[in-house]
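# Structure at a glance
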Amino acid sequence: MTRSKRKWEHIQYALSTGQSRQTGFDDITFIHQSLPDCSIDQVRLDTRIGELPLSSPLFINAMTGGGGDRTEQINRQLAIVAKETNLAMAVGSQMSAIKDPCEARTYKVVRIENPNGVIFANLGSEATVDQAIAAVEMLQANAIQIHLNTIQELTMPEGDRDFTNALFRIEKIVQALSIPVIVKEVGFGMSRETVKKLIEIGVQIVDVGGFGGTNFAKIENERRSRFLSFFNSWGIPTAASIAEVKSNYPQLTVFGSGGIQSSVDIVKALAIGASAVGVAGSVLKVLLSNGVDATIKEIEETKSEIILMMTALGTKETQELQTIPLLFSGETHHWLSERGINTKNFANREI
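Residues numbered from 1 in each chain as written. Predicted model: local features only at pLDDT ≥ 70, side-chain atom pairs only at ≥ 80, totals over all residues. Heavy atoms only, no water.

Below, the discussion takes up the overall build of the chain. Counting secondary structure elements, the chain contains 15 helices and 12 strands. Against the compact-globule benchmark of 20 Å for 351 residues, the chain has a radius of gyration of 19 Å, which places it among compact chains. With the principal axes as the frame, the chain shows a C-alpha extent of 60 × 40 × 40 Å. Counting the 351 residues in the chain, one finds 54% classified as buried. Across the chain, the fraction of contacts at a sequence separation of at least 24, relative to all contacts at a separation of at least 6, is 75%. (Helix = DSSP H or I, 4+ residues; strand = E, 2+ residues; numbered from the N terminus. Rg over C-alpha atoms; globule rule 2.2 N^0.38 Å. Buried < 20%, exposed > 50% of the residue type's maximum accessible area, 1.4 Å probe, protein only. Contact = heavy atoms within 4.5 Å.)

Core analysis: the largest hydrophobic core is formed by 81 residues, its most contacted members being I60, I144, I170, M190, V206 and I272. Looking at this core element by element, the count peaks at 6 residues for helix α13 (residues 292-313). Judged by nonpolar contacts, the second largest core, of 14 residues, contains A88, A90, F255 and A276. (Core = buried A, V, L, I, M, F, W, Y, C linked by side-chain atoms within 4.5 Å.)

The next thing to look at is helix α4 (residues 105-113). Owing to its 3.6 residues per turn, the α-helix brings residues three or four apart onto one side. Within α4, burial applies to T106, Y107, V109, V110 and R111. For α4, the secondary structure elements touched by its buried residues are α2 (69-85), β5 (88-90), α3 (95-99), β6 (119-124) and α5 (129-139).

As for its position among the elements, R192 is in helix α8 (residues 192-200). For R192, a relative accessible area of 25% corresponds to the partly exposed category. A sequence separation of 59 residues divides R192 from Q251, and the C-alpha atoms of the two residues are 13 Å apart. Setting aside residues up to four positions removed in sequence, R192 forms contacts with E244, N248, Y249 and R339.

Attention now goes to the packing of aromatic side chains. Each aromatic ring pair is described using two quantities: the centre-to-centre distance and the angle formed by the ring planes. Scanning all chains against the criterion turns up 5 aromatic pairs. With a centroid separation of 5.1 Å and 75 degrees between ring planes, the pair formed by F231 and W234 is classed as edge-to-face. Judged by its relative accessible area of 9%, F231 falls in the buried class. On the basis of an interplanar angle of 90 degrees and a centroid distance of 5.0 Å, the ring pair of F328 and F346 is categorised as edge-to-face. Of this pair, F328 sits in strand β12 (residues 326-328) while F346 is found in helix α15 (residues 344-347), placing the two residues 18 residues apart along the sequence. With respect to class, F328 is no different from F346; both count as buried. (Phe/Tyr/Trp six-rings, centres within 6.5 Å; stacked < 30°, edge-to-face > 60°.)

The next point concerns the pattern of salt bridges. All chains considered together, the criterion is met by 10 salt bridges. Of the charged contacts, one joins D69 and R105 as a salt bridge, the two residues approaching to 3.2 Å between their closest N and O atoms. Of this pair, D69 sits in helix α2 while R105 sits in helix α4; the two residues are 36 residues apart in sequence, bridging distant segments of the chain. On the basis of relative accessibility, which here comes to 56%, the residue D69 falls in the exposed class. Residue R105 is classed as partly exposed on the basis of its relative accessible area, which comes to 38%. Taking the shortest distance from any N to any O, the salt bridge between E244 and R339 comes out at 2.7 Å. Note that E244 is positioned in helix α10 (residues 238-248) and R339 in the loop between α14 (330-338) and α15, a separation of 95 residues in sequence. Its relative accessible area of 0% is what places E244 among the buried residues. By relative accessible area, R339 is classed as partly exposed at 23%. (Salt bridge = Lys/Arg side-chain N within 4 Å of Asp/Glu carboxyl O.)

Among the structural elements, F188 can be located in the loop between β8 (181-185) and α8. Residues F188 and L148, 40 residues apart in the sequence, show an inter-C-alpha distance of 9.3 Å. Excluding anything up to four places from it in sequence, F188 contacts I151, Q152, G209, G210, F211, N215, F216, A217, F231, W234, G235 and I236.

Along strand β10 (residues 253-256), one buried face is formed by T253 and F255 and the opposite face, lined by V254 and G256, is buried too. The sheet contact formed by strand β9 (residues 205-207) and β10 spans 3 bridges and is parallel. Paired with I205 across the bridge in β10 is T253. In this structure, β10 lies alongside strand β11 (residues 276-279), joined through 2 bridges in parallel fashion. Its bridge partner lying in β11, F255 is registered against A276. Read as a crossover between parallel neighbours, the route from β10 over helix α11 (residues 263-271) to β11 is right-handed. (Pairing = 2+ DSSP bridges. Right-handed = clockwise from strand over helix to strand, strands pointing away.)

Below, the structure is given as structure tokens:
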């Protein structure tokens, strides 16, 4: 099976299996503020990630890879959506285009359609420095994601089985590139132990890519003759991962992604520690079902809803969301408590 065909199967399985709603965001409740002292006209969504200016903390995360005409079409449409909504956008893994230059056009279309936008390149942790440089140059990218997908590879019948020296390769890429390097999980979450290793080699931005959204283990199991069912529920829920990582490393820039389905999820992710929030599956579903215009409308409505919630909470900038009190309950509260995080610190934050 060709890589592009396999990636198209991934998209079809992702849309058919849906998202599990096991992210942990339903375990978070905001403490209502009756006197927010704020107007919607005062709320600003623009933010900065290091030297990168973003018009919104919301960005379109990686979702397609493998090249081919379908990838090119989806990337073109996503680039138009990103341009019209002024959002940053990440492409899927560019390794197919690194290995076969004929596939580069399926990724370059993103920069052609959105010449002034913020675009993230994307490769796996098997990438070399030269491959990372080539991926960045292909898109004139503003940053690069290095994705970690051990569980997906192990579940994939034709996947990788050797993950040695990944940290060493990431370190070399961080040292060689002058743009931000974002290390990203692909749906199984990041622990404090993983993040500690990444910080020690100079990584300054992580995307936790938590459990609860598109389940790549489940998708790959659909392609196997023998299920590895134990991987279907493997991972750290998104909310728990964001809170765990940010609580242990407050100076680290954390992106939240993995099953983000609504404006409420976005605001909760920002409130527990994310500086930016990536959406993928929910955007792709609207795009493929209803087209570009409907996707643009959905994103603009989402941004408006974020502003309404920020007004209700009395926060004029997205960074201020990390000062509002909130409660954890259920499995997320249990996870954080067992990992040594005092959730009362969240419940008693001072505005």
